[in-house]
Amino acid sequence: MPTSRPRWSDEGEDLALLAPHYRDAHDQVGAERALEVLTRAGERALDVLAGKDAAGYLEAARSHATVLAHNDGTSALLERLGDAQQTAGRLDAAVAAWEEALEAYRQSGDHTAVARLHQRLAFAVWDQGRFERAQELLAEGFAALPVTGPDLGLGLRETHARLVLRLGDLPTVRAEVGRLRAAGQRAGSLRTIAVADMIDGDAQLREGPASQAHQTYLRALTIAERLADPALIEQIHRPLTMVELMLDGPEPARRRGLYALQVARTFGVPPLEMASRLLLVLVDFHGGDWEQAQRGAIELLALGHRVSSVRAAVAGLIGQALVFTFRGDIAEAAACLTEARTALGPRPADRRMVTLIQTIEAQVARERGDPDQAVAAAADLATNWLISPAFSLAVLGGTQIAAGGLDAALGTADRLKQFGPRALYPAALAKELMGLVHGTRGDQMTALRELGRATERFTTLAMPFDVARCRLQWSLAAPPKRRDEAVIAAQSSLTVFTAVGARRYADRARRLLRGSVDVKGPAGQSVVTIDVDLIPPQPQSSLTSLRPEEPPRPDVEPAADSSAEPAGEAAPVRRPTRMGRPRYRRLIYAGAAMTLAVAGTAVGLLILNRSDPPAKPRHPAGAAFSATSPWRLVIIDRMSDDSGCSVTVTNTGTGEKRY
């Protein structure tokens, strides 16, 4: 007895097997059956945001729908085809499909669908750069609303508010938010009110205190949780994550981001995790966990390739480029950025993702010593809507200083201050920029004060790399009389740079610590003070140590050797007049000999201190040791007689002296 064909809900595996054959068979199969199979396959692919596969199935289904001219589902099929093309990153194809769907809906008199398509098209053509056309589409959508159904325009009004926000016209945004909130209250739509609050928070973040925006986002979140709307909850958590990074640092932001990721996973659609995963990469980077940030970026890239999500793949490339840049792998970072731009295409739909690319491109140009290119890359950061506002503005300020635009950099510092005193991260970045500007202008005391305050704020925020960067800058700006403090600060910076794998920054710290020689003394004496650096090059991070040894790249600064001169102008050498050059040579020979002696003494002390093995080894087998502080060697030659010279060796960390 023949059995009936199974229901589609019971033949998921059959659908996966049949769909490719129906797609490739073209007109060699029955149009009605092919339309059914391909449409369902396209819907299933779109449900998991597999845009490329969905577009292929739905495009094939469309060709069969054309044969069946009587089919009433053509308009819906065209709309879903546009959704698939957008998900696949093909914006032009999406717009073309949606325009056809809009015309079909108009002919059928489906006012709800007409309003929805005007809303989608307005966003899409905006992303194409057709701003005036986007406004026209919204106006046409409002005009097409029936008098008896004004509530259908809630989505159009929401879209209008979001697009005005992108323009940066904040007074108009506030007016639109007020209208959107009032419309939501009239319609009894709590979701619309929550969306109005979220847009209001975005506007507040662009012009005022971050703490005020934080409260507005929390109000929107309360409504979303009352509605038990997981999509809206996850969407609100995105800006909350970055605002809490600005207010309180990486730890609160990480908790917020992890919760957002947990909510996103409840949908069972991996591409929907993209935004939360990218934010966690940024938070881990700022928190100094660069290994985790890179792992997260690699996972994002793999996710993008696995489900054919362009945005996820681009997000992974951006995350990798960020870590590569600050670790000094400039060629790798540039390659990631180039690949990301290629994937986004000439007219990228996600402008905020582009601002993150521009931020890293500006930093790459700075690392390459090209301030003009850095300024060009960062040009749009002052006016665009940014994913990470404080970080992007700080990079902008750094490029301005590198290019000599000190007044512009102070203006950027003022922008950072606008986030308010409670926003500790932007406040610390502002202090750092001000310190660098004053240092460049020769105002040493003000520079040290501002950099010191920035260090305190970064310490409070538990942002170790930023602390280390400011301490190194402070060390470079410190006057000779504060050399002891500068050495200690540079040593602590070197420890952090080594831990996170920031090789270029570590090289700069080593250059400051190595070979610092000062020759001075009162009348009748010549004093040579040598800071002996007992910090050998540290092993690289676990990630980079797995790479094969490579020849030096032209875009990476070579590490300074122990004979390199310290930064800044060297002190003039005072030469004795009575004994002439032989006495000075003796002084230097003694210094060189004692340098080796001190190094041997320090090694001996370290060995003696380790005579009792600790319960748990502090260093892995084969790792290089490092002394906790350098030794200072002082040689005094009394030129009034020929009695030789006295030598004092002082441990700058413990104060211990040897004669």
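The structure this text deals with has already been given above.
Here is a short report on the structure shown in this document. All figures in this text were calculated on a predicted structure; none of them were measured in a lab. (Residues numbered from 1 in each chain as written. Predicted model: local features only at pLDDT ≥ 70, side-chain atom pairs only at ≥ 80, totals over all residues. Heavy atoms only, no water.)

### Concerning the overall build of the chain
So, point 1. For the chain, the count of helices and strands is 27 helices and 5 strands.
So, point 2. Within the chain, the proportion of its 659 residues that are buried is 50%.
So, point 3. Considering only contacts within the chain whose residues lie at least 6 apart along the sequence, 60% involve residues at least 24 apart.
So, point 4. Of the roughly 30,900 Å² of accessible surface on the chain, a fraction of 55% belongs to carbon and sulfur atoms. (Helix = DSSP H or I, 4+ residues; strand = E, 2+ residues; numbered from the N terminus. Buried < 20%, exposed > 50% of the residue type's maximum accessible area, 1.4 Å probe, protein only. Contact = heavy atoms within 4.5 Å. Areas by Shrake-Rupley, 256 points an atom, 1.4 Å probe, with all protein chains shown as cover.)

### Thoughts on helix α15 (residues 290-307)
So, point 1. Over its 18 residues, α15 runs 26 Å from end to end, which matches the ideal 26 Å to within 8%, given 1.5 Å per residue.
So, point 2. For α15, the full list of buried residues reads W290, E291, A293, Q294, G296, A297, L300, L301, L303, G304 and V307.
So, point 3. Among the structural elements, α14 (274-286), α16 (310-327), α24 (464-477) and α25 (483-500) are those in contact with the buried residues of α15.
So, point 4. Backbone geometry just downstream of α15 places S308 in the positive-phi region, at approximately 55°. (Expected span 1.5 Å × (residues − 1).)

### So, the packing of helix α13 (residues 250-265) against α14
When two helices pack together, their arrangement is given by the angle between the helix axes and by the axis-to-axis distance.
So, point 1. Orientation of α13 relative to α14, taken along the N-to-C sense of each, is 160°, at an axis distance of 9 Å. Taken together, the axes of α13 and α14 lie roughly antiparallel to each other. Seen from above, α13 lies across α14 with left-handed handedness. Here α13 contributes P250, A253, R254, G257, L258, A260, L261 and R265 to the contact with α14, which in turn contributes S276, R277, L280, V283, D284 and H286.
So, point 2. For the contact of α13 with α14, the residue count by class is 7 nonpolar, 3 polar and 4 charged. (Axes fitted to C-alpha atoms, helices over the stretch in contact; angles between N-to-C directions. Parallel < 35°, antiparallel > 145°, perpendicular 65-115°, else oblique. Left-handed = near helix turned anticlockwise from the far one by under 90°. Nonpolar A, V, L, I, M, F, W, Y, C, P; charged D, E, K, R; others polar.)

### Things to note about the pattern of salt bridges
So, point 1. The final tally for this structure, using the stated rule, is 38 salt bridges.
So, point 2. The salt bridge partner of R62 is E59, with a shortest N-O separation of 3.5 Å. A residue pair is termed a helical-turn pair when its members lie 3 or 4 positions apart in one helix, as R62 and E59 do in helix α3 (residues 51-67) at 3 residues.
So, point 3. Residue E59 is classed as partly exposed on the basis of its relative accessible area of 34%.
So, point 4. Among the charged side chains, a network of salt bridges with common partners joins E43, E79, R80, D83, R116 and R120. (Salt bridge = Lys/Arg side-chain N within 4 Å of Asp/Glu carboxyl O.)

### Considering the nonpolar core
A general trend in soluble globular proteins is that nonpolar side chains are found buried together.
So, point 1. Core analysis: the biggest nonpolar cluster contains 116 residues, and F458 and F497 have the highest contact counts within it.
So, point 2. Sort the elements by how many residues they give to this core and α16 lands first, with 11 residues.
So, point 3. Apart from residues lying up to four places away in sequence, F497 is in contact with F465, A468, R469, L472, A502, Y505, A506 and A509.
So, point 4. By size, the runner-up hydrophobic cluster in this structure holds 23 residues, among which are L91, V95, A101 and V114. (Core = buried A, V, L, I, M, F, W, Y, C linked by side-chain atoms within 4.5 Å.)

### Topic: the packing of aromatic side chains
So, point 1. Taken as a whole and judged by the stated rule, the model has 12 aromatic pairs.
So, point 2. Ring plane angle 65° and centroid distance 6.2 Å describe the contact between F285 and F391, whose orientation is recorded as edge-to-face. One end of the pair, F285, is in helix α14; the other, F391, is in helix α20 (residues 389-402), and 106 residues separate them in sequence.
So, point 3. For F391, a relative accessible area of 8% gives the class buried.
So, point 4. Taken together, the ring pairs in this structure connect F285, W290, F326, F391, F465, F497 and Y505 into an aromatic cluster. (Phe/Tyr/Trp six-rings, centres within 6.5 Å; stacked < 30°, edge-to-face > 60°.)

### Things to note about the environment of L35
So, point 1. Mapped onto the secondary structure, L35 falls in helix α2 (residues 31-47).
So, point 2. For L35 and A61, which are 26 residues apart along the polypeptide, the C-alpha to C-alpha distance reads 4.9 Å.

### Let's talk about the environment of L344
So, point 1. For L344, the location among the structural elements is in helix α17 (residues 330-344).
So, point 2. Sequence separation between L344 and R311 is 33 residues, and the spatial gap between their C-alpha atoms is 7.9 Å.
So, point 3. Setting aside chain neighbours within four positions, we find L344 in contact with V314, V354 and I357.

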